[in-house]
Protein chains: 2
Amino acid sequence: MPSRIAIVGATGAVGAELLAVLQQRGFADAELIPLGSARSAGAALEFGGRRVVVGELTEASFDGVDVAFFSAGKDVSRRFAPIAARAGAIVIDNSSALRMEPDVPLVVPEINPDDARAHRGIIANPNCSAIILAVALWPLHRVNPIRRIVVSTYQAASGAGRRAMIELETQARDVLAGRPPQCEALPLPLAFNVFSHDSPIGPDGYNGEETKIAAETRKIFHAPGLAIAATCIRVPVFRAHSESANVTFTEPMSPGRARELLEKAPGVRVVDQWSPQHFPMPIDAAGRDEVLVGRIRTDISQPDGVGLNLFLSGDQLRKGAALNAVQIAECLGAVNAPARV
Amino acid sequence: MPSRIAIVGATGAVGAELLAVLQQRGFADAELIPLGSARSAGAALEFGGRRVVVGELTEASFDGVDVAFFSAGKDVSRRFAPIAARAGAIVIDNSSALRMEPDVPLVVPEINPDDARAHRGIIANPNCSAIILAVALWPLHRVNPIRRIVVSTYQAASGAGRRAMIELETQARDVLAGRPPQCEALPLPLAFNVFSHDSPIGPDGYNGEETKIAAETRKIFHAPGLAIAATCIRVPVFRAHSESANVTFTEPMSPGRARELLEKAPGVRVVDQWSPQHFPMPIDAAGRDEVLVGRIRTDISQPDGVGLNLFLSGDQLRKGAALNAVQIAECLGAVNAPARV
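In this text, all values refer to a predicted model and were calculated from it rather than measured experimentally.

(A) Local environment of the overall build of chain A. When helices and strands are counted, chain A shows nine helices and 18 strands. Its C-alpha atoms give chain A a radius of gyration of 20 Å, within 12% of the compact-globule value 20 Å for 341 residues. Dimensions of chain A along its principal axes, counting C-alpha atoms only, are 60 × 55 × 45 Å.

Here it is in structure tokens:
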């Protein structure tokens, strides 16, 4: 029996990547139910060689659905995820709406697959920057607990959605032609610029993205005392995020030992060649499943070798969103394909 | 009597900015002696409304010169800076050749002008990323000594020279047209990408740029014990560097106190508006003299409020190079204009 898979927000950047990942990972025979707003309904998509038409999301959309991937923003998830779960679907929610709810597991399958298995109908897919950081640091944390992370991000346009990716291109053409760049999907000019992530700023001065990285990493790692200070910056890159991480461990951790642990870690690819230099870059991470990790070196600002600096790049749409969501479904056996994690 | 000012490397990106800064700051009447390689010699420049022809740099070039700005790379500085100094010129060297020599002051006029006055003929202009960081942190350090800095940079193409700036533009056009970007001035594709700064990597895993930031900040601050771990990343921006700095002080430092200190600091402009958000961006810093500082917030990963996070942007060619060099000349009274620092 093929699975019945609903995708809420099928026409967005993550939705499109979900279709691609599902087909690449052997789900082309599944019955796909793409769902969207009244505006998107009627759009035609291709899946497994078949033409599939986007249906309008309603309370009745989830009858008989095995797995429902949500990627249509917080408000849609808040309203429809419980409805889908009550209808018997396993919800894998890419929005931030329910991630910090105590009864909603927040899962990166390489790290905490058991949390997924303890779900009550809804599983949250973490924030893209948090996933990429967590995949890279977990293999180190599990043998030598991390006490503190200072991370600065280099985030791609894709994190702001498909329209932002297109707008980056339009802005770049405008700047090159001597025209002022227009901002509709993006809050500020991104072409040939960088800017502080525009999520709302809390009373502590951290924006939403920075707060998510901290809170979500702690939840995924089951490490409530892990101290994290993030600075989130948007850069003119299309679809892979990069991060500069400064990490303090409980015990000394040599770069050689870290490299050894990372080389055998699932979902990680060490790219750390000094001569000729070859390190993680977003154009290399784009379209790939693994998080690229390199520039692994002792933090010379700390005594006793308890700190490391690392630089990483990971595809925001794949491991940062769609791939991780599909892996969650796989590790539950919620879709008819062998679990791969 | 107008000053006689030599510029070695007058046709480069920093050289061109030196001409602009000198004219803007009242030196249009100086006698300008642009110097370059045999290849550049003969090129015509405009200065103070006059046409000036680039001469070939020789050992005799500095007779009667008051101030010689060097911006033609380490090898040229190593060979010709001592010759210029012996000829009686005050050398202000933008290369890294002599910065760490004990008898060569390394100067940011807002910070250590007295060091400049103790020169023995040669004064070094610091690395661009180091200058921008130092200007932003000195007003805090002088009242509450900084113990540790973790900094990640977002560095513009201009730091790799004029050809790199042009190549970024060409690469962007190629990518937008679906052509593979070509790399000649830049080591790797920069358009729609970021990459680890390509300066040579030392045995500790830090590249030359990262090592300069650490060593030079310590020298400028007279703080040999200041711990600094830098990660230097090139981003597709034309001419202003940005930096994400995580700073640990000796005593607690509130964001409000930091803002207050920075607001009255010379060379700094606080851009730290939460709603609507307005923070430092390279396109705002480009062409400006001040270093923009914002995202000033307590480092929540440290106890007791001893840490701050900040984000800054500064023009790499102006304060990061040409402006700082001219300010050094001004604070020495080495050129005929009032000191401005």
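(B) Layout of the packing of helix α4 (residues 128–141) of chain A against helix α6 (residues 208–221) of chain A. Residue and element names in this part refer to chain A. Axis separation between α4 and α6 bottoms out at 10 Å; the angle between their running directions is 40°. Here α4 lies oblique to α6, going by the angle between them. Crossing of α4 against α6: the hand is right-handed. On α6, the residues that touch Ser-129, Ala-130, Leu-133, Ala-134, Trp-138 and His-141 of α4 are Glu-209, Lys-212, Ile-213, Glu-216, Thr-217, Ile-220 and Phe-221.

(C) Structural view of the relation of the copies chain B and chain A. When chain B is fitted to chain A, the best match, at an RMSD of 0.0 Å, comes from turning it 180° and sliding it 0.0 Å along the axis. Here the transformation between the copies is reduced to the relation of a two-fold axis. Comparing interface residues between copies, 100% of those in chain B also sit at the interface in chain A, which points to an isologous, same-surface contact.

(D) Expanded view of the environment of Glu-110 of chain A. Counting through the fold element by element, Glu-110 of chain A comes out in the loop between β7 (90–93) and α3 (113–117). Remark: the alpha-carbon pair of Glu-110 of chain A and Gly-42 of chain A, spanning 68 residues in sequence, is separated by 37 Å.

(E) Examining unusual backbone geometry more closely. Residues and elements named next belong to chain A. Of the consecutive residues Ser-275 and Pro-276, the connecting peptide bond is found in the cis state with omega at -5°. Structurally, Pro-276 can be placed in the loop between β15 (273–274) and β16 (277–278). Of note in this structure, Arg-295 is not a glycine but carries a positive phi near 50°. Of note, Arg-295 is situated in strand β17 (residues 291–298). You will see that Asp-304, though not glycine, has its phi angle at about 65°, which is positive. Inspection of the secondary structure assignment puts Asp-304 in the loop between β17 and β18 (307–315).

(F) Expanded view of the domain arrangement of chain A. All names here are of chain A. For chain A, the assigned domains read domain 1 (4–125 + 321–331) and domain 2 (130–316). Facing 13 residues of domain 1, the contacting portion of domain 2 comprises 17 residues. The dominant element in the side of domain 1 that touches domain 2, judged by the number of residues it contributes, is helix α9 (residues 318–331), at three residues. When its residues are assigned to classes, the side of domain 1 that touches domain 2 shows seven nonpolar, four polar and two charged.

(G) Spotlight on the environment of Pro-282 of chain B. Inspection of the secondary structure assignment puts Pro-282 of chain B in helix α8 (residues 282–285). Spatially, the C-alpha atoms of Pro-282 of chain B and Ala-156 of chain B are 8.5 Å apart, while their sequence positions differ by 126 residues. Those residues in contact with Pro-282 of chain B that lie beyond four places of it in its chain are Asn-193 and Val-194 of chain A together with Ala-156, Val-237, Ala-240, Ser-242 and Ser-313 of chain B.

Cut-offs used in this document
- Per chain, residues are indexed from 1 in the order of the written sequence.
- In the order they appear in the text, chains get letters beginning with A and ligands get numbers beginning with 1.
- Where local features are concerned, this predicted model is filtered to residues with pLDDT of at least 70; where side-chain atom pairs are given and counted, the filter is 80 or more; whole-chain, interface and lining totals use all residues.
- Put simply, DSSP marks the helices as runs of H or I at least four residues long and the strands as runs of E at least two long, and each gets a number from the N terminus on.
- For this measure, only C-alpha atoms enter the radius of gyration; the expected value for a globule follows 2.2 Å times N^0.38, where N is the number of residues.
- For every element, the axis is a line fit to its C-alpha atoms; helices are fit only across the contacting stretch, and the angle between N-to-C directions ranges from 0 to 180 degrees.
- Oblique is the label for any angle not under 35 degrees, not over 145, and not in the 65 to 115 range, which are roughly parallel, roughly antiparallel and roughly perpendicular in turn.
- For any helix crossing, the convention is left-handed if the near helix is rotated counterclockwise from the far helix by under a right angle, and right-handed if that rotation is clockwise.
- C-beta atoms are placed from the backbone for every residue, and two residues are taken to be in contact when these atoms lie within 7 Å.
- Alignment of copies: least-squares fit on C-alpha atoms of residues with pLDDT of at least 70 in both copies.
- All the domain ranges listed were derived from an automatic or database domain assignment.
- For this classification, Asp, Glu, Lys and Arg are treated as charged, while Ala, Val, Leu, Ile, Met, Phe, Trp, Tyr, Cys and Pro are nonpolar and the rest, including Gly, are polar.

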